[in-house]
There are 2 protein chains.
Amino acid sequence: MAKPKKAPRPNAETPKGFRDYFGAEVTERAEMLGRIAGVYHRYGFDALESSAVETVEALGKFLPDVDRPNEGVFAWQEDDEGGKGDWLALRYDLTAPLARVYAQHRNELPTPYRRYAMGPVWRNEKPGPGRYRQFYQCDADTVGTASMAADAEICAMLADTLEEVGIPRGDYIVRVNNRKVLNGVLEAMGLGDDEARSAAVMRTIDKFDKVGEEGVHQLLTTGRKDASGAFIEGVGLTEDRAELVLAFLNSKTIVEKELRDGPPQPDERIPGGMGVKLNDLQDRSHSAGQAWNWAVMDHLMRLVGQTDIGMQGLKELGEIADLLAAQGYGPDRIVIDPSVVRGLGYYTGPVFEAELTFEILDEKGRKRQFGSVAGGGRYDDLVKRFTGQSVPATGISIGVDRLLAALREKGRIGGHVEGPVVVTVMDKGRMADYQAMVAELRNAGIRAEVYLGNPKNFGNQLKYADRRGSPVAVIEGGDEKAKGVVQIKDLVLGAKLAEGATLEEWKERPSQFEVPRGDLVAKVREILSAQQGGRH
Amino acid sequence: MAKPKKAPRPNAETPKGFRDYFGAEVTERAEMLGRIAGVYHRYGFDALESSAVETVEALGKFLPDVDRPNEGVFAWQEDDEGGKGDWLALRYDLTAPLARVYAQHRNELPTPYRRYAMGPVWRNEKPGPGRYRQFYQCDADTVGTASMAADAEICAMLADTLEEVGIPRGDYIVRVNNRKVLNGVLEAMGLGDDEARSAAVMRTIDKFDKVGEEGVHQLLTTGRKDASGAFIEGVGLTEDRAELVLAFLNSKTIVEKELRDGPPQPDERIPGGMGVKLNDLQDRSHSAGQAWNWAVMDHLMRLVGQTDIGMQGLKELGEIADLLAAQGYGPDRIVIDPSVVRGLGYYTGPVFEAELTFEILDEKGRKRQFGSVAGGGRYDDLVKRFTGQSVPATGISIGVDRLLAALREKGRIGGHVEGPVVVTVMDKGRMADYQAMVAELRNAGIRAEVYLGNPKNFGNQLKYADRRGSPVAVIEGGDEKAKGVVQIKDLVLGAKLAEGATLEEWKERPSQFEVPRGDLVAKVREILSAQQGGRH
């Protein structure tokens, strides 16, 4: 046989936009997902793991067009016998697969179907700093019920989940808005039938977080110069109408002012606002904690006027607030807040967002709120694509990596895995003895290993232990073997002493102990628990 | 805007060869992986999660050829600006990515590097019954040491892992072989330089599990008719040589016979065998439990003669057996057995396989052993592709789905998730009351939910509870509300009673209780623990 031509060495690199996760990055995520799954389970949600690969057809949003079949997704064509087959793609989120699964298995699944899913999703996008093309999502959705109780439940579960993973109450807020209220505002200002302009307003609102109030005002009216100097044309609303939209977005600030300074005088009222009083909504019993939510809704009532869609949106928000109040979730945890704009164009009813409210320092050293870690809402048309029938559904998606980053920022997780006890090798011929020590330690539940590198240079063994973050090293040379003892080195204390201990301290707390071989496990355990005590 | 043409409805189906996993299938796998990770961690292995996507170049084995760029893998070409970019592919195992990761990060990683990895892998193969194109693997490897202590450790860890996930001692065996011993056998029979014929022998041996002893004998010599009647040409070995190969494969049976009937008489000896006595190997101290391993090696000694490679293989097997004996792992758990043939062509030294030895009924109702659930070995050239330097490595891969199937077969896991307590909805207007009940139950750690479907038909609510496998239903109608009580239905007991209880039993153990509203949580907890008691 002729020898094949020698291929050049391949580059040892992840593809652009992908990365590897090591040690604590993996275990801390796994632990967090386990905790989240625990809460979801308690709420009656069932696990689902759909395949990572879907037909492009089923993913839908990214139906292949002739020029760029894989816009936004990683896609390829099946190589069927005798020709080309289906286009397949990696899922880009966990919602599109849920719609496919529900349509496919709806006869065997319970209705309503509460399911949770966690796993990687893939986006064929230009990667940027901290932006990867593979990342984790963790979703919970309820399919098959239009009841606002499902939406309220999702919000309560989200609050419970954040506390369960280590975000204390007060450090987060779940905000709830409703797409129908915004539709009501647009209808009240006479844009109800102007689809194009309504869509333009929706797109503009989506930029609220980015360009701020003044920017949105300019974009809704005459237009705006962006940072690069380019002019972005405005939607062309009148001042009055633009003010109404801003009054919707700024509901929170306006209501805060009202509650502080008393109700607005007639001439301070928002131009075009209807000033209608809450009637059927207000005669329910509600706790004092609800005052805020009702004040916001009173304000929104003035904006949506008597439009059916707006009133329905408010009724839905009221129901959610009532259900949450009955379960003890006040506005300190879940609050009605129309400034939630993300996804308003996608969702059809309630929209949710969870924000972490503590401050961090950004790249430039400025304080800012940590921001959003989860979002979701109600979407009633996703399954319809497959079956022709509308199936109401509502759910939430947690940004796992951002939540992990937040927990690290707060010092709630250490980014640190306890290293193993390292049994050093003083005599290559007695490897079996060392392995026996390690087996004893492991059987006692202690993480341990024998040094498996070249044992010639003892310094390298201690360097290795240091690199692994080992708490303890065990040494048994010929002398120790003859005396029936082992040396046990407390590496944590040793490092502390080396850093600047006085001779007295050194003598008082030795970092190395000689103990009978039979006491190995007991002494190691004693040192480990002393280290743990010192750490916490 | 012109309305876009209406697309036909997509099929709600997974791509061919893919499937979805529901409920217990997901949670039981997650729990098993968690237990395995616990053992790996205790052994000092660190977690690694590499990206699911690699460059085809890094995967190596599947370098794109012009005709079929994605033979065996799912591959696609990057759509770079201004042209075509790299070929990317989904990983087909966890070993090739480990080689890439180690080559890429070797300066930051400790040496030796012990890592574990778990996750899905993808194969672009023709799917068959029970064969999917996405499945889980769970690997542990030690990179950067040639020490047999690393191999012994992997075997011990594998035994511990099987016990940890619920396979009792005696129901599994880890078998160890060594590629170098087979090389020694081939060299001893004069095939050392005949690469083509050696490779043909290797390929034939790989079929041992499939065609059995007689089949291998025919294939090694003159050839064989397969089941379809087609003639497969033989390797053309002489009878003597073929007998030697079979004596290698049948070592276990031969040694069993020797230990039963005494050592073979000279004329019974394998033709061509050298009959050399163990010398340097035998003067070690070893426990009685080692007798078996040493008898096998004595037998192998006769087969490999004085070849260096064969002696080296035997020395390695001896080292592994010694190290394991020192840690208390006898041949009841880990045994030297040359009938392990899978992967002999791929690995360069020790080869491992874990088999479950209990019997199950196959599709045709015949008893057979459950078989292999894990395999691995030493491969010293994987990283060399990237760096040019040989890096010794050894490891194991557990077939997660087969192991799960085994545990289900043994009744060790139930394939069952405890359903939620269902609070039924008798009065749609009092949803907040029902949610409050559910919140109380959840806060007490009890899985619970309100029925969120259309509450009109009460029968549907109980049917839903049945479908969810709910243990308890809670009912609070208007009468109950007025009296300050709730009805609590024990659905497990109810089902039992309905199946055939006498009137006395029915009266004695009511399946429905009326309790004060304030006692809801306590009573539900009482019923749940009674159910659990009855189940175990």
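Parameters and conventions
Residues numbered from 1 in each chain as written. Chains lettered and ligands numbered in written order. Predicted model: local features only at pLDDT ≥ 70, side-chain atom pairs only at ≥ 80, totals over all residues. Heavy atoms only, no water. UniProt positions renumbered as here; feature names shortened; annotations may be inferred. Helix = DSSP H or I, 4+ residues; strand = E, 2+ residues; numbered from the N terminus. Buried < 20%, exposed > 50% of the residue type's maximum accessible area, 1.4 Å probe, protein only. Contact = heavy atoms within 4.5 Å. Areas by Shrake-Rupley, 256 points an atom, 1.4 Å probe, with all protein chains shown as cover. Patch = residues over 30% accessible without salt bridge, like charges linked within 9 Å, V, L, I, M, F, W, Y side chains within 5 Å. Salt bridge = Lys/Arg side-chain N within 4 Å of Asp/Glu carboxyl O. Lys, Arg positive; Asp, Glu negative; His and termini not counted. Charge placed at Lys NZ, Arg CZ, Asp CG, Glu CD. Buried area = accessible area lost by both parts, 1.4 Å probe. Polar contact = N/O pair within 3.5 Å; in protein donor to acceptor, adjacent residues only side chain to side chain. Pairing = 2+ DSSP bridges. Axes fitted to C-alpha atoms, helices over the stretch in contact; angles between N-to-C directions. 1 Å grid on protein atoms, 1.4 Å probe; cavity = no way out; pocket = protein on both sides within 12 Å on 5 of 7 lines; lining within 4 Å. Phe/Tyr/Trp six-rings, centres within 6.5 Å; stacked < 30°, edge-to-face > 60°. Lys NZ or Arg CZ within 6 Å of the ring centre and 35° of its normal. Parallel < 35°, antiparallel > 145°, perpendicular 65-115°, else oblique. Left-handed = near helix turned anticlockwise from the far one by under 90°. Nonpolar A, V, L, I, M, F, W, Y, C, P; charged D, E, K, R; others polar. Least-squares fit on C-alpha atoms with pLDDT ≥ 70 in both.

An unreviewed UniProt entry lists chain A under the name Histidine--tRNA ligase, from Salinihabitans flavidus. The heading Sequence similarities (unreviewed entry) in the UniProt record of chain A holds the text "Belongs to the class-II aminoacyl-tRNA synthetase family." Its UniProt record gives chain A a comment under Catalytic activity (unreviewed entry), which states: "tRNA(His) + L-histidine + ATP = L-histidyl-tRNA(His) + AMP + diphosphate + H(+)".

A. Region of interest: the overall build of chain A. What chain A contains, in helices and strands, is 19 helices and 19 strands. Going through the 536 residues of chain A one by one, you find that 54% of them count as buried. Taking as baseline every contact in chain A between residues at least 6 positions apart, the subset at least 24 positions apart corresponds to 68%. Working note: accessible area of chain A is about 24200 Å², and carbon and sulfur atoms make up 49% of it.

B. Highlighting a negative patch on the surface. All names here are of chain A. A surface patch of negative charge is lined by Glu213, Glu214, Glu239, Asp240 and Glu243. When residues of the negative patch are traced back to their parent elements, those giving at least two are α7 (208-220) and α8 (239-249). With respect to the element layout, glutamate 243 can be found in helix α8.

C. Quick look at the interface of chain A and chain B. Each partner contributes to the interface: chain A provides 101 residues, whereas chain B provides 102 residues. Around 8300 Å² of area is buried between chain A and chain B when both sides are counted, 52% of it from carbon and sulfur atoms. It is A:Glu49, A:Arg442 and A:Leu452 in chain A that bury the most area against chain B; as a group they hold 9% of the surface buried on that side. At the surface where chain A touches chain B, the tally comes to 14 salt bridges. Its salt-bridge partner being B:Asp46, residue A:Arg447 comes within 2.9 Å of it at the nearest N-O pair. For the pair chain A and chain B, the interface holds 54 residue pairs in polar contact (both at pLDDT 80 or more). Top contributing element to the side of chain A that touches chain B by residue count: helix α14 (residues 431-443) of chain A, with six residues.

D. Geometry of the sheet that holds strand β16 (residues 448-450) of chain A. Residue and element names in this part refer to chain A. The sheet built from five strands is open, its strands ordered β16-β15-β17-β18-β19 with mixed pairing. With one partner strand each, in any of the chains shown, β16 and β19 (512-516) form the two edges of the open sheet. Sheet twist, expressed as the mean angle between neighbouring strand axes with direction ignored, is 25°. Note: strand β17 (residues 472-475) against strand β18 (residues 485-490), four bridges, orientation antiparallel. Within the sheet, the bridge partner assigned to alanine 473 lies in β18 and is lysine 489. With respect to the sheet, α14 is in contact with β15 (421-423), β16, β17 and β18, its orientation differing from that of β16 by roughly 175°.

E. Highlighting the UniProt feature "binding site: L-histidine" (unreviewed entry) in chain A. Residues and elements named next belong to chain A. The UniProt feature table records "binding site: L-histidine" (unreviewed entry) at Asp93, Leu94, Thr95, Arg123, Gln137, Asp141, Arg342, Tyr346 and Tyr347. Looking only at the residues we just named, the second largest cavity is lined by Leu94. Apart from residues lying up to four places away in sequence, leucine 94 is in contact with Arg115, Ala117, Met118, Gly119, Val121, Gln137, Cys138 and Asp139. Position of tyrosine 347 among the secondary structure elements: in the loop between β11 (334-336) and β12 (350-361). Tyrosine 347 sits in the buried class, given a relative accessible area of 14%. Filtering out sequence-adjacent residues up to four positions away, tyrosine 347 remains in contact with Arg179, Gly376, Gly377, Arg378 and Tyr379.

F. Structural context of the pairing of strand β2 (residues 46-49) of chain B. Burial of β2(B) is two-sided: the residues B:Asp46 and B:Leu48 facing one way and the residues B:Ala47 and B:Glu49 facing the other way are all buried. Pairing analysis gives two bridges linking strand β1 (residues 21-22) of chain A to β2(B), with the strands arranged antiparallel. Of the residues in β2(B), the one forming a bridge with A:Tyr21 is B:Glu49. The pairing of β2(B) with strand β6 (residues 113-122) of chain B spans two bridges and is classified as parallel. Across the sheet, residue B:Asp46 finds its bridge partner in β6(B), namely B:Arg115.

G. Molecular detail of the packing of aromatic side chains. Overall, the coordinates contain 18 aromatic pairs over all chains when judged by the stated rule. Between A:Phe18 and A:Phe74 the ring centres are 5.9 Å apart and the planes differ by 40°, which places this aromatic pair in the tilted class. Of this pair, A:Phe18 sits in the segment before β1 while A:Phe74 sits in the loop between α2 (56-59) and β4 (75-77), placing them 56 residues apart in sequence. A:Phe74 shares its class with A:Phe18; the two are buried. When the ring of A:Tyr347 is compared with that of A:Tyr379, the centres are 6.4 Å apart and the planes differ by 50°; the resulting orientation is tilted. Of the two residues, A:Tyr347 sits in the loop between β11 and β12 while A:Tyr379 sits in the loop between β13 (367-378) and α12 (384-387), which places them 32 residues apart along the sequence. The pair formed by A:Tyr347 and A:Tyr379 is uniform in burial state, with each residue classed as buried. A network of ring pairs unites the aromatic residues A:Phe18, A:Phe74, A:Trp76, B:Phe18, B:Phe74 and B:Trp76 as a single cluster. Lying over the aromatic face of A:Phe513, A:Lys523 brings its terminal NZ or CZ to 4.2 Å of the ring centre. When the ring centre of B:Phe358 is taken as reference, the NZ or CZ atom of B:Lys410 above it lies at 4.6 Å.

H. Region of interest: the environment of A:Pro129. Residue and element names in this part refer to chain A. Within the secondary structure layout, proline 129 lies in the loop between β6 (113-122) and β7 (134-143). The class of proline 129 is exposed, set by a relative accessible area of 86%. Spatially, the C-alpha atom of proline 129 lies 9.1 Å from that of glycine 17, the residues being 112 residues apart in sequence.

I. A look at the packing of helix α1 (residues 24-42) of chain B against helix α13 (residues 400-409) of chain B. All names here are of chain B. Contact pair α1 / α13: the axes reach a minimum separation of 11 Å and the direction vectors enclose 105°. Comparing the axis directions of α1 and α13 gives the class roughly perpendicular. Each of Ala24, Glu25, Glu28, Arg29, Met32 and Leu33 in α1 lies in contact with α13, whose residues at this interface are Val400, Asp401, Leu403, Leu404, Leu407 and Arg408.

J. The arrangement of the side chain of A:Arg179 in detail. Residues and elements named next belong to chain A. Looking at the secondary structure, you find arginine 179 in helix α5 (residues 179-188). Among the polar contacts made by the side chain of arginine 179, one reaches the main-chain carbonyl oxygen of tyrosine 347 at a distance of 3.2 Å. Sequence-distant contacts of arginine 179, defined by excluding residues within four places in its chain, comprise Met202, Leu344, Gly345, Tyr346, Tyr347, Thr348, Gly349 and Val351.

K. How the structure looks around the packing of α1(B) against helix α4 (residues 148-165) of chain B. Residue and element names in this part refer to chain B. With their axes 9 Å apart at the nearest point, α1 and α4 run at an angle of 145° to one another. The interaxial crossing formed by α1 with α4 has right-handed handedness. Touching Met32, Arg35, Ile36, Val39, Tyr40 and Arg42 of α1 are Met157, Asp160, Thr161, Glu164 and Val165, all from α4. Grouping the constituent residues of the contact of α1 with α4 by class yields six nonpolar, one polar and four charged.

L. Broad picture of the relation of the copies chain A and chain B. Taken as rigid bodies, chain A and chain B are interconverted by a rotation of 180° and an axial shift of 0.0 Å, the fit giving an RMSD of 0.0 Å. Those values place the two copies in the arrangement expected of a two-fold rotation axis. Nearest to the rotation axis, the C-alpha of A:Trp76 is located 2.8 Å from it, this being the minimum over chain A. Residue by residue, 99% of the interface of chain A is reproduced at the interface of chain B, so both copies engage with the same surface.

M. View of unusual backbone geometry. Going from A:Thr111 to A:Pro112, the amide bond is cis rather than trans, its omega being -5°. If you trace the backbone, A:Pro112 turns up in the loop between α3 (95-105) and β6.

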